[in-house]
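The primary structure of each chain is shown beneath.
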Amino acid sequence: QKEVEQNSGPLSVPEGAIASLNCTYSDRGSQSFFWYRQYSGKSPELIMFIYSNGDKEDGRFTAQLNKASQYVSLLIRDSQPSDSATYLCAAQDSSASKIIFGSGTRLSIRP
Amino acid sequence: GAVVSQHPSWVICKSGTSVKIECRSLDFQATTMFWYRQFPKQSLMLMATSNEGSKATYEQGVEKDKFLINHASLTLSTLTVTSAHPEDSSFYICSARDEGLDTEAFFGQGTRLTVV
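Residues numbered from 1 in each chain as written. Chains lettered and ligands numbered in written order. Predicted model: local features only at pLDDT ≥ 70, side-chain atom pairs only at ≥ 80, totals over all residues. Heavy atoms only, no water.

A. Representation of the state of the cysteines in the model. The full count for this structure, using the stated rule, is two disulfides over all chains. Here A:Cys23 pairs with A:Cys89 through a disulfide, and the sulfurs are 2.0 Å apart. Measuring handedness by torsion sign, the sulfur bridge of A:Cys23 and A:Cys89 sits at about -65 degrees and is left-handed. Placement of the pair is A:Cys23 in strand β3 (residues 19-25) and A:Cys89 in strand β9 (residues 85-92), with a sequence separation of 66 residues. A:Cys89 carries the same exposure label as A:Cys23, and that label is buried. Covalently, B:Cys23 is tied to B:Cys94 through a disulfide, its sulfur atoms 2.0 Å apart. Here the disulfide of B:Cys23 and B:Cys94 is right-handed, its torsion about the S-S bond being about 80 degrees. Taken together, the residues span a long stretch of sequence, with B:Cys23 in strand β3 (residues 19-25) and B:Cys94 in strand β9 (residues 90-97) at a distance of 71 residues. Of the two residues, B:Cys23 and B:Cys94, both sit in the buried class. This cysteine, B:Cys13, is not joined by any disulfide, and B:Cys94 carries the nearest cysteine sulfur, 18 Å off. Residue classification places B:Cys13 among the buried positions, given a relative accessible area of 9%. (Disulfide = S-S within 2.5 Å. Helix = DSSP H or I, 4+ residues; strand = E, 2+ residues; numbered from the N terminus. Buried < 20%, exposed > 50% of the residue type's maximum accessible area, 1.4 Å probe, protein only.)

B. Broad picture of the packing of aromatic side chains. Inspection of the entire model under this criterion finds 10 aromatic pairs over all chains. On the numbers, 6.4 Å between centres and 40 degrees between planes, the contact of B:Phe67 with B:Tyr92 is tilted. Taken together, the residues span a long stretch of sequence, with B:Phe67 in strand β7 (residues 67-73) and B:Tyr92 in strand β9 at a distance of 25 residues. Residue B:Tyr92 is classed as buried on the basis of its relative accessible area, which comes to 0%. The rings of A:Phe34, A:Tyr36, A:Phe101, B:Tyr36 and B:Phe107 are connected pair by pair, giving a single aromatic cluster. Seen from the ring of A:Phe61, A:Arg60 lies directly overhead, with NZ or CZ sitting 5.5 Å from the centre. (Phe/Tyr/Trp six-rings, centres within 6.5 Å; stacked < 30°, edge-to-face > 60°. Lys NZ or Arg CZ within 6 Å of the ring centre and 35° of its normal.)

This is the structure in structure tokens:
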């Protein structure tokens, strides 16, 4: 069973600080990884995707991938209350046309 | 990003009736579409994967005769919940992907189904 593991949280971070979200995956053949944000009652929206080892930055968001450790992370700099949501980590299944989602981490940014 | 439109956004139906949910990709060819179900405060649960023109692949534990999926074109997939019961009440979300471009999956807005 291929899995993506995330700490369910909630993770509480003060406004303006860096929020760090982590994820591990079991499918060593996965090549593509995604971070989605989901507000309560809404469907997920893509924040970032990453294919290569290392860091990928987009505005306040930085995704980090370490394929050797099968580890993906998302850093949110200068956290805002609007960043409070559930963050879903996902990995492309290497043998099937589907994306495997983690259970999500609830992030709460406190003013 | 690409747009995936899901309709209706919410529906209330009587127990025993059937409900159809549509998922359309508006500006790309969705060679693969995914249907998820999400109960309150729980994670997305993949129900099935459908490829245009072929039968859907259902995840273990999902009744294919109860959740009928049709992916007749590159821009449209439908999920029909047949003989709905209150326990089928959930948030149903589709997502679509263009396998040829190897892109990420884009999500529809979701459909909140309430069976009374």
